[in-house]
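Architecture and fold: a report
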Amino acid sequence: MKIKDMKLVRESLKFERSLLPYKKLNIGKITLIKKWLYEMEVKDYTINEDFSIDVANSINLENKGLSSFPSYIKFNKVEGYFYCSFNQLTTLEGAPNEVGGGFYCENNQLTTLEGAPSKVEGNFSCYNNQLTSLEGAPSKVEGYFYCYNNIKKFTIEEVRKYCKVKGEITV
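Residues numbered from 1 in each chain as written. Predicted model: local features only at pLDDT ≥ 70, side-chain atom pairs only at ≥ 80, totals over all residues. Heavy atoms only, no water.

**Some remarks on the overall build of the protein**
Regarding its fold elements, the protein presents four helices and 13 strands. In the protein, buried positions account for 36% of the 171 residues. Taking all contacts inside the protein whose residues are at least 6 apart in sequence as the whole, residues at least 24 apart take part in 16%. Accessible surface computed for the protein: about 10000 Å², of which carbon and sulfur atoms make up 50%. (Helix = DSSP H or I, 4+ residues; strand = E, 2+ residues; numbered from the N terminus. Buried < 20%, exposed > 50% of the residue type's maximum accessible area, 1.4 Å probe, protein only. Contact = heavy atoms within 4.5 Å. Areas by Shrake-Rupley, 256 points an atom, 1.4 Å probe, with all protein chains shown as cover.)

**Considering the pairing of strand β4 (residues 75-78)**
A regular strand carries its side chains on alternate faces of the sheet. One ladder, built from two bridges, connects strand β2 (residues 53-55) with β4; its direction is parallel. Residue V55 lies in a different strand from β4, and its bridge partner there is V78. Here two bridges tie β4 to strand β6 (residues 98-99), and the two strands are oriented parallel to one another. Opposite V78, over in β6, you have V99 as the bridge partner. (Pairing = 2+ DSSP bridges.)

**Description of the packing of aromatic side chains**
One pass over the structure, following the stated rule, counts 13 aromatic pairs. Centroid distance Y83 to Y104: 5.1 Å. Interplanar angle 15°. Geometry classified as stacked. On the criterion of sequence distance, the pair formed by Y83 in strand β5 (residues 82-83) and Y104 in strand β7 (residues 103-104) is long-range, its members being 21 residues apart. Ring geometry for F124 versus F145: centroids 5.1 Å apart, planes at 35°, classification tilted. Here F124, found in strand β9 (residues 124-125), pairs with F145, found in strand β11 (residues 145-146); they are 21 residues apart in sequence, far enough to count as distant. By relative accessible area, F124 is classed as buried at 0%. Three or more aromatic residues link up through ring pairs in this structure, and these residues are W36, F69, F75, F82, F103, F124 and F145. (Phe/Tyr/Trp six-rings, centres within 6.5 Å; stacked < 30°, edge-to-face > 60°.)

**As for the side chain of S125**
Note that S125 resides in strand β9. Note on S125: relative accessible area 2%, which makes it buried. Within the structure, S125 has its side chain in polar contact with the side chain of E106 (distance 2.8 Å). (Polar contact = N/O pair within 3.5 Å; in protein donor to acceptor, adjacent residues only side chain to side chain.)

Dropping the structure here:
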């Protein structure tokens, strides 16, 4: 390949100087996702075209030392339970959009529920965090909603403002 041709290829792909070309083209992204899922012992998954991840069972990420999910991890639908308790999470960005079982994010450093699933078929547990807002809470929880021992003492009415809960609400 001639230097002139290389310049044309580079210009036609419009690489941004601030990003490495392989990141811009998502080269290696699937490998990164698979490696992280393997390290976290997540099984029975499908990586979708948009790089989101569907999981056909439960996920246990408790006590993994996580402060956040890697930027390339975005769970879509988890058919079972999703456990991410007892970490140092400051955000739920990357957490599933939907959970077929319960969603457990207690005992972290969360100040908001931004990034939480929109729908939880089981219980939703966010107690023992640093929550000052319920912003980002699921719109629907089929089970119980546990939200006590946070910086702000929430009321049942505040929970109902954000979330339709079928079960009991414990604040």
